[in-house]
Amino acid sequence: MANNVVVVGAQWGDEGKGRIIDLLTPSVDAVVRYQGGANAGHTVVIGDAKTILHLVPSGVLHADCLCIIGNGVVLDADVLIDEIEGLHSQGYLKNPKMLAISKSAHLVMPYHRQIDQLRETKLGSARIGTTGRGIGPTYEDKAARRGIRFGEMIDPEIFKKRLEQILPEKNKLIEILGGHPVDMSTLLTEGEGWRKRLAHHAADASLILNRYIKDGKKILFEGAQGTLLDIDHGTYPYVTSSNTVAGEACCGSGVGPTVIDDVLGVVKAYTTRVGEGPFPTEDDGKVGETLQTRGKEFGATTGRKRRCGWFDATILKHAARVNGLTMVAITKLDVLTTIDPVRICTGYKLDGATIDYIPSSDEELRRCEPVYEDMKGWKEDISGVRKFENLPKATQAYINRLQEIAGIPISIISVGYERSSHIMMRDPFA
Ligand code: IMP
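About the criteria used
Residue indices follow the written sequence of each chain, beginning from 1 at its first position. Where totals are concerned, whole chains, interfaces and linings use all residues; where local detail is concerned, this predicted model gives features only for residues with pLDDT of at least 70, and gives and counts side-chain atom pairs only at 80 or more. Note that water and hydrogens are dropped before the side-chain values are worked out from all heavy atoms of the structure. What counts as a helix is a DSSP run of H or I of at least four residues, what counts as a strand is a run of E of at least two, and both are numbered from the N terminus. Multiplying 1.5 Å by the residue count of a helix minus one yields the expected span of that helix. Working definition: with a 1.4 Å probe on protein chains only, accessible area under 20% of the residue-type maximum means buried, over 50% means exposed, and in between means partly exposed. Think of the arc as the fan of directions from the helix axis to the C-beta atoms. Contact criterion: two residues are considered in contact whenever any of their non-hydrogen atoms come within 4.5 Å of each other. We call a residue near a molecule or strand as soon as one heavy atom of that residue lies within 4 Å of the molecule or strand. Distance and chemistry together define a polar contact, namely a pair of N or O atoms within 3.5 Å, with one atom able to donate a hydrogen and the other to accept it when in protein, and with adjacent residues in sequence counting only for side-chain atoms on both sides. Note on areas: Shrake-Rupley with a 1.4 Å probe; residue coverage comes only from the protein chains shown. All amino acids are sorted into three groups, where Ala, Val, Leu, Ile, Met, Phe, Trp, Tyr, Cys and Pro are nonpolar, Asp, Glu, Lys and Arg are charged, and the leftover types, Gly among them, are polar. Paired strands, as defined in this entry, are two strands with at least two bridges between them according to DSSP.

**Q** Explain helix α7 (residues 184-198) to me, please; I cannot follow it from the model alone.
**A** An α-helical turn contains 3.6 residues, so any two residues separated by three or four positions project in the same direction. The end-to-end C-alpha distance of α7 is 21 Å, a good match for the 21 Å that 15 residues give at a rise of 1.5 Å each. Taken together, the buried positions of α7 are Leu187, Gly191, Trp194, Arg195 and Leu198. Considered in projection along α7, the buried side chains sweep an arc of 100° and stay on one side of the axis. In α7, the exposed positions that point more than 90 degrees away from the buried face belong to Thr189, Glu192 and Lys196. Looking at the buried residues of α7, the elements they touch are α2 (77-89), β8 (106-107), α3 (110-123), α5 (150-153), α6 (156-176) and β9 (202-203).

Shown next as C-alpha cells:
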C-alpha cells in the first residue's frame, strides 16, 4: 500500500490525468500540483457537468481533500481567480482553507504572456506552438532570478520594489519584439486585486506536506503536461519550459525523493499532440480523423485540434525509464472500438537500423519511421465493462500486449467519459 504517489503524463500531455486523479482522490488527504501553469487543462466530467481545471489541483472536486499549489508551479493570478470563482459557482471549494498556495511559486505577469505571444508570432513557421500563457518567459525569469514570487506579491512594498527592478528591462524587450510596454501603475493596481483575492491562501507548502507525511497521511502528486514535453527528457525544443517528469514532484513541492512510494504513468490508448514538433505515429488519414472526432480531441486550454495517431510503445518505454514508472493507467480505450486492425508502434527505423528508443535529437526523431505490430480490433461497446475479464478477447489481447511491451503492470483502464466508466485492476492507495 502506498502513501505517496506521483501521477504523470506518459505521452505529450492530455492523457486524461485529471480524470485518473479525480478517481484516486477519495483515498488521499492532499493533492499537490508541482509544475507547469495555466497551460494545463485537466478535464473532469461528473454527470452532465464538465469542469476544466488549469491551476487548482484536480482533488478540489472532493471537499475533504487539501489542494496545494507547489513552488514549482507558475501562477497566473487572473486565471486562478476566475477558476476559484467558477468552482464556487459549481459548489466546490466552500472552505478556503482547503487551497494552499506556496509562497515560493512564481507569478506569471502580464508581460510574460505578451512576450510569449510576440515571440511565437516572430518565429513564424518555426514557432513552438505554445499555449501563449507566458509559461516559458516566466520560467526563464525564475532561472535568471528576476521573477516575482507569490509571497513577494502579497507584500505591497516588496512587490513594488521588485517591479521597479524588473519592469524597465521587460519593457525594452517588449519594444524590441514590437509589443506594448506595460505600465507600472496598472501592474500595481492588478497586484492589489490579486492580493485581496488570493493572499489568504498563501502557505509554506513544503512544511504542510512534510507534516502530512510525518503523520502518515496520503498524498497524490499531480503532474501536468506529459513526459515528452519535459524540458530535458522531451522532444526539445518542442517542449514546455518545466520538468514534467516524476522527479520534479519533489523539487516542485519540497519533499525528498525517499518519500515517494509509487509512480503512476497515464497513457491514452492512442497518441495525441498539440503544438508543433515531430510525431512519428501521427495519422493524417481516416484513422487520425476518427480518433480526433470520437475522442473529442481538442485542447482544453486553447481549443486547438489535437494531432492524433497510433499508440507508440517506444514513448511508453521512454516514460517508464525517465519517470521510474511502477504502474500504468490507460485512458480512452473505448475510442478504439471498431478500428481494425489496431496498430502498436514497437520501434523506429532510423537510417536503415531499427531502434527501440526515442533519439534525443530533433532531426533524428524527424527521420524515424514507425515499425508497427498489428492487432485484431473489436466491435463491441466496452463502455459498460467494469472487469478486465469481461472485455472482448481482442481488447484483452491489446491491453496485455501493451503491458508486456512496457513491462509494467496496468492499474486502471478508462472505458468511457463518465466518472464510473473504468476498470480498476490495482488501486495504488488501496
Ligand atoms: P507552453 O507550455 O505554453 O510554453 O507550450 C509549449 C508546448 O507544450 C506546446 O507544444 C504546447 O501545445 C504544449 N503544452 C503545454 N501545456 C500542455 C498541456 O497541458 N497539454 C498538452 N500540450 C501542452
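Here the narrative resumes.
**Q** In this structure, what is going on with unusual backbone geometry? I would like to understand it.
**A** Negative phi characterises most residues that are not glycine, and trans characterises most peptide bonds. The omega torsion of the bond from Tyr236 to Pro237 falls at 5°, within 30 degrees of zero and hence cis. Residue position: Pro237 is located in the loop between β10 (219-222) and α9 (248-251). The omega torsion of the bond from Asp340 to Pro341 falls at -5°, within 30 degrees of zero and hence cis. Within the secondary structure, Pro341 is located in the loop between β15 (327-331) and β16 (342-350). Here Lys296, not a glycine, exhibits a phi torsion of approximately 50°, which is positive. Mapped onto the elements of the fold, Lys296 is located in the loop between α10 (286-294) and β13 (307-309). Given a relative accessible area of 52%, Lys296 falls into the exposed group.

**Q** For this particular structure, what's the right way to read the site of the ligand?
**A** Near the ligand lie 15 residues; those nearest to it are Asp14, Asn39, Thr131, Thr240 and Arg304. Between the ligand and Gln225, the relevant distance is 3.3 Å, taken from a nitrogen atom to a side-chain nitrogen or oxygen of the residue. Alone, the ligand offers 470 Å² of accessible surface; in the complex the protein occludes 97% of this. In terms of residue class, the shell around the ligand is made up of six nonpolar, seven polar and two charged.

**Q** Whenever I open this one, the side chain of Ser414 confuses me. Can you help?
**A** Topologically, Ser414 is positioned in strand β19 (residues 410-414). What makes Ser414 buried here is its relative accessible area of 2%. Setting aside chain neighbours within four positions, we find Ser414 in contact with Arg19, Ile330, Thr331, Lys332, Leu333, Asp334, Ser421 and His422.

**Q** Help me out: how do you make sense of the sheet that holds β19 in this one?
**A** One key point about sheets: their strands pair by backbone hydrogen bonds, in either a parallel or an antiparallel sense. The ten strands are arranged β9-β7-β5-β2-β10-β1-β11-β15-β19-β20 in an open sheet whose pairing can be described as mixed. What marks the edges here is a single partner per strand, and that holds for β9 and β20 (422-424). Of the strand pairs in this sheet, strand β2 (residues 30-33) and β10 are connected by four bridges, and their pairing is parallel. Bridge pairing in β10 links Val32 to Phe221.

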